[in-house]
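Fold and geometry: a report
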Amino acid sequence: MRSPSALSKYTLIVFALLIPSLTAYAATQQSLSRITEVEADVRRVESKKDHLPIIAIETLKKRFDEVIVVDARSKFEYGTLHIKGALSIPVSNRGFEVKVTKLRKNNPNKDIVFYCNGFVCGKSYAATERSLKAGLTNVYAFDRGIFAWADKYPQLSVLLGQDDFDSSNLVPDSTFNAHNIDANKFVPLSESAAKKGAFVIDIRSVSQKQAYAPFSHSRKMETDDFVKRLEQFRDKPLYIIDQAGDQVRWLQYHLEKLGIKEYYFLKGGMSGYEECM
């Protein structure tokens with residue numbers, strides 16, 4: 001039997017070994033909490049969006065030079081396709097209220113219009129509500145979204161750094177859907193393809209991967225890093241996983257631009273996989 005002093009030393013050693021794991025766990029939970037807060041915020045705002053100030057697409061076009069347009073989506077989505085002249089202030093990032101408050105202070109007499117991917121996205125609603133709660137006035141949500149705008153006004157849109165493009169350059173829904181595979185088929189297909197040299201890429205955020213990562217045969221890469229290294233993967237089939245099936249929509253533009261044809265997305269992302277399984 002160990003003496004009390006030996007037990008104390010043993011306890012201290014075990015505790016010291018556990019500290020890094022506990023710290024990492026706490027950081028992960030904090031990140032996940034932030035993601036959950038944003039998702040809940042979007043869902044909550046969607047439920048009462050009729051009470052938020054909305055601007056129609058024709059009105060925004062008419063007043064385009066009189067307002068400040070803000071993209072509430074991620075930097076990656078903004079870099080792929082955005083309204084010409086729009087500022088990027090992701091609603092999911094910390095410091096959103098500080099940035100929009102500063103924007104209002106520097107532009108006291110201009111209306112601010114937030115947009116995202118459209119009705120089902122919800123980030124334009126969340127950005128508008130949070131701005132109102134922060135004390136801002138004359139803020140609006142353009143809830144038709146970037147696709148409707150770019151399709152109708154390509155001359156006032158920027159696609160992969162190119163402005164005034166032809167709307168035929170937009171990837172249609174049919175092309176996007178053709179590259180989506182249901183979870184029950186994606187899993188065995190990607191596992192079999194990986195054994196033959198295909199690449200299975202998980203582009204979810206670090207916190208999302210830490211929370212749930214069932215694909216042991218996948219490479220874990222941040223989206224921006226993956227895009228920068230796409231040339232390295234162009235000669236092999238690609239099976240790509242995101243969180244909700246929407247981030248890959250923007251990635252598809254980069255794949256198509258490089259002429260990569262053999263690529264597949266997990267339909268509905270990891271959220272769709274969890275529902276299916």
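Residues numbered from 1 in each chain as written. Predicted model: local features only at pLDDT ≥ 70, side-chain atom pairs only at ≥ 80, totals over all residues. Heavy atoms only, no water.

Our focus in this paragraph is the sheet that holds strand E9 (residues 199–202). Sheet strands line up and pair through hydrogen bonds in the backbone, either parallel or antiparallel. Taken in spatial order, the five strands line up as E8-E12-E11-E9-E10 in an open sheet, and their pairing is parallel. The open sheet has two free edges, formed respectively by strand E8 (180–181) and strand E10 (219–220), since each of these has just one partner strand. As defined by bridge partners, E9 adjoins E10 across two bridges and the pair is classed as parallel. Note on E10: the bridge partner recorded for Ile201 is Arg219. Helix H8 (residues 183–195) rests against E8, E9, strand E11 (238–241) and strand E12 (263–266) of the sheet, and its axis sits at about 135 degrees to E11. (Pairing = 2+ DSSP bridges. Helix = DSSP H or I, 4+ residues; strand = E, 2+ residues; numbered from the N terminus. Contact = heavy atoms within 4.5 Å. Axes fitted to C-alpha atoms, helices over the stretch in contact; angles between N-to-C directions.)

This next bit is on the nonpolar core. Counting 42 residues, the largest nonpolar core has Ile83, Phe142, Trp149, Phe226, Leu238, Ile240 and Leu255 as its most contacted members. Apart from residues no more than four positions distant in its own chain, Phe142 is found in contact with Ile55, Ala56, Ile57, Leu60, Ile83, Val113, Phe114, Tyr115, Cys116, Ser124 and Trp149. Membership of the second largest hydrophobic core comes to 14 residues, among which are Ile68, Val100, Ile112 and Leu136. (Core = buried A, V, L, I, M, F, W, Y, C linked by side-chain atoms within 4.5 Å. Buried < 20%, exposed > 50% of the residue type's maximum accessible area, 1.4 Å probe, protein only.)

Okay, the packing of helix H4 (residues 96–106) against helix H5 (residues 123–133) next. Where H4 meets H5, the closest approach of the two axes is 10 Å, and the angle between their N-to-C directions is 70 degrees. Classified by the angle between their axes, H4 and H5 sit roughly perpendicular to one another. Here Phe96, Glu97 and Val100 of H4 lie close against H5, whose contacting residues are Ala127, Arg130 and Ser131. Looking at the contact of H4 with H5 residue by residue, the classes come out as three nonpolar, one polar and two charged. (Parallel < 35°, antiparallel > 145°, perpendicular 65-115°, else oblique. Nonpolar A, V, L, I, M, F, W, Y, C, P; charged D, E, K, R; others polar.)

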